[in-house]
Amino acid sequence: MGLTAGIVGLPNVGKSTLFNAITKKNILAANYPFATIDPNVGVVIVPDYRLDFLNDLYKPKSLVPTAYEFTDIAGLVKGASNGEGLGNKFLSHIREVDAIVEVVRCFEDSNIIHVENDVNPIRDIEIINVELILSDLEIIENRINKIGKKASMSKDKEIQKEAEILFKIKDVLEKNQPVRSLHFEDDEWAFVKHFNLITAKPIIYMANVSEDDIVSGNKYVEMVREYASNEGSEVVVVCAKIEAELSELSDEEKNEFLKDMGVEESGLDKLIKATYSLLNLATYFTAGADEVRAWTFKKGMKAPECAGIIHSDFQKGFIKAEVMSYSDLVLCGDEKKVKENGKLRLEGKDYIMKDGDICYFRFNV
């Protein structure tokens, strides 16, 4: 399962510079609103040190890491929900992603125009969040208008249940709060996800700072952290300029560069880790002489579901899964010793997959 994240923010906050850096794509990054007109999609490799060990051990013909898909979406302005700027075109693109990465300007630079004329990260966040809330509210109100009267007169429990959920969502949106602030039971979520509401998606705030503030942060970063903390969201501090420089370096040069700056990992790596945590994701592996490959799955998924990520036939005809943990393989040194030490397990349909599992699926269709 691929991970998709939409990079959003007001014009001139560093979205396209960041996107250029992390995907090494040469899209237009200009100092004026709407430099990005159509959504640009780029795929980056998810860093995983475990693949290096597996690659050295199996020496496969092919090494396939898991990937992270970024969509750079055109800058949003006040009034977008009513069609201002790129308006609904922006909003339709953001409905397709798994998570939202909201880039917030946390640096001063008189050479880069701010669409609101000064730096105020909380105001910027609220401009975007209000537009997203208004867009979701329009969808909910339209649906209520279609089924509201029918629900009040009908004895159909499904329609009544949907109407109840719709009014619950409408109430929270009218209080200027996102849908993700609500808790839904599994049966309720079945209704909610049908509407693909933007504010139901998890969000990470990416505070874009100057090179001088990448280690210590600044007052703007603290403002964003406080705001995010109040709604249970995360903040990743990044310097888009530094990420652009890192994108041109080899892995060895990149590590040396970060070390000299006193930074442990790049903003992109921090973002990927934060997003995986946010979406409750983990990684399992398949490994052999032909291919070593990483696969992304949601924590809590059982072995047949994870097999289905590779191919639907694997899930349909699932018999058993041969499983060893990455840590056991490292400890034992190779597969043969894993087996000799009784660490290779045969798991059935109820086995809940764990991060770092190395699997071979038995199936028959």
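Caption draft 1: Seen up close, the overall build of the chain. In terms of helices and strands, the chain carries 14 helices and 12 strands. Contacts in the chain between residues far apart in sequence, at least 24 positions, make up 68% of those at least 6 positions apart. Taken as a whole, the chain presents about 18500 Å² of accessible surface, with 48% of it coming from carbon and sulfur.

Caption draft 2: Quick look at helix α11 (residues 303-310). What α11 keeps buried is the set A303, P304, C306 and A307. End-on view of α11: buried residues confined to an arc of 160°, all on one side of the axis. Buried positions along α11 lie against β8 (281-287), β9 (291-298), α12 (312-316), β10 (318-325) and β12 (357-363).

Caption draft 3: Up close: the pattern of salt bridges. The full count for this structure, using the stated rule, is 21 salt bridges. Between K161 and D187 there is a salt bridge; the shortest N-O distance is 4.0 Å. Placement of the pair is K161 in helix α5 (residues 157-174) and D187 in helix α6 (residues 186-192), with a sequence separation of 26 residues. Given the relative accessible area of 24%, K161 is considered partly exposed. You can call D187 partly exposed: its relative accessible area is 45%. Measuring nitrogen to oxygen at the nearest pair gives 3.9 Å for the salt bridge that ties R180 to E231. Of this pair, R180 sits in the loop between α5 and α6 while E231 is found in helix α7 (residues 219-231), placing the two residues 51 residues apart along the sequence. Through salt bridges that share partners, D48, R50 and D355 make up one connected network.

Caption draft 4: Region of the structure containing the side chain of S266. Relative to the assigned elements, S266 resides in the loop between α9 (251-261) and α10 (267-278). A polar contact is formed between the side chain of S266 and the backbone nitrogen of D269, at a distance of 3.1 Å. Every residue in contact with S266, bar those within four places of it in the chain, is listed here: E243, L246, K254 and L258.

Caption draft 5: Representation of the packing of aromatic side chains. Considering all chains together, one arrives at 10 aromatic pairs under this definition. Centre to centre, the rings of F53 and Y326 are 5.7 Å apart; their planes meet at 85°, and the pair counts as edge-to-face. Of this pair, F53 sits in helix α2 (residues 49-58) while Y326 sits in helix α13 (residues 326-332), and the two are 273 residues apart along the sequence. F53 sits in the partly exposed class, given a relative accessible area of 26%. Linked through ring pairs, Y284, W295, F297, F318 and F361 together constitute an aromatic cluster.

Caption draft 6: Quick look at the sheet that holds strand β6 (residues 203-208). On the basis of which strands lie adjacent, the open sheet formed by six strands has the order β2-β4-β1-β5-β6-β7 and mixed pairing. Edge strands, defined here as strands with exactly one partner in the open sheet, are β2 (40-45) and β7 (234-238). If you compare each strand with its neighbour and ignore which way they point, the axes differ by 25° on average. When strand β1 (residues 3-8) meets strand β4 (residues 67-72), the two strands line up parallel, connected through five bridges. Paired with I7 across the strands is D72, a residue of β4.

Caption draft 7: Representation of the pairing of β6 in the model. With respect to burial, β6 is a largely interior element, six of its six residues being buried. Pairing geometry for strand β5 (residues 99-105) and β6, over six bridges, is parallel. The residue bridging V103 from the neighbouring strand is M206, located in β6. By the bridge criterion, five bridges tie β6 to β7 in an arrangement that is parallel. Looking at β7, one finds that N208 is bridged to V238. For the crossover that starts at β6, traverses α7 and ends in the parallel β7, the hand is right-handed.

Caption draft 8: Representation of a negative patch on the surface. Together, E252, E253, E256 and D260 give the surface a local cluster of negative charge. Structurally, E252 is set in helix α9.

Caption draft 9: Structural view of the side chain of T66. Turning to its location among the elements, T66 is positioned in the loop between β3 (62-64) and β4. Apart from the residues lying within four places of it in its own chain, the contact partners of T66 are V44, I45, V46, Y276, A294 and T296.

Caption draft 10: Broad picture of the confidence of the model for the chain. Looking at the chain, pLDDT values average 85 and 89% of them are 70 or higher. Averaged pLDDT values over the elements of the chain bottom out at 61 in helix α3 (residues 87-94) and peak at 97 in α13.

Each value, and the rule that gives it
- Residues numbered from 1 in each chain as written.
- Predicted model: local features only at pLDDT ≥ 70, side-chain atom pairs only at ≥ 80, totals over all residues.
- Heavy atoms only, no water.
- Helix = DSSP H or I, 4+ residues; strand = E, 2+ residues; numbered from the N terminus.
- Contact = heavy atoms within 4.5 Å.
- Areas by Shrake-Rupley, 256 points an atom, 1.4 Å probe, with all protein chains shown as cover.
- Buried < 20%, exposed > 50% of the residue type's maximum accessible area, 1.4 Å probe, protein only.
- Arc of directions from axis to C-beta.
- Salt bridge = Lys/Arg side-chain N within 4 Å of Asp/Glu carboxyl O.
- Polar contact = N/O pair within 3.5 Å; in protein donor to acceptor, adjacent residues only side chain to side chain.
- Phe/Tyr/Trp six-rings, centres within 6.5 Å; stacked < 30°, edge-to-face > 60°.
- Pairing = 2+ DSSP bridges.
- Axes fitted to C-alpha atoms, helices over the stretch in contact; angles between N-to-C directions.
- Right-handed = clockwise from strand over helix to strand, strands pointing away.
- Patch = residues over 30% accessible without salt bridge, like charges linked within 9 Å, V, L, I, M, F, W, Y side chains within 5 Å.
- Lys, Arg positive; Asp, Glu negative; His and termini not counted.
- Charge placed at Lys NZ, Arg CZ, Asp CG, Glu CD.
- pLDDT = per-residue confidence, 0-100.

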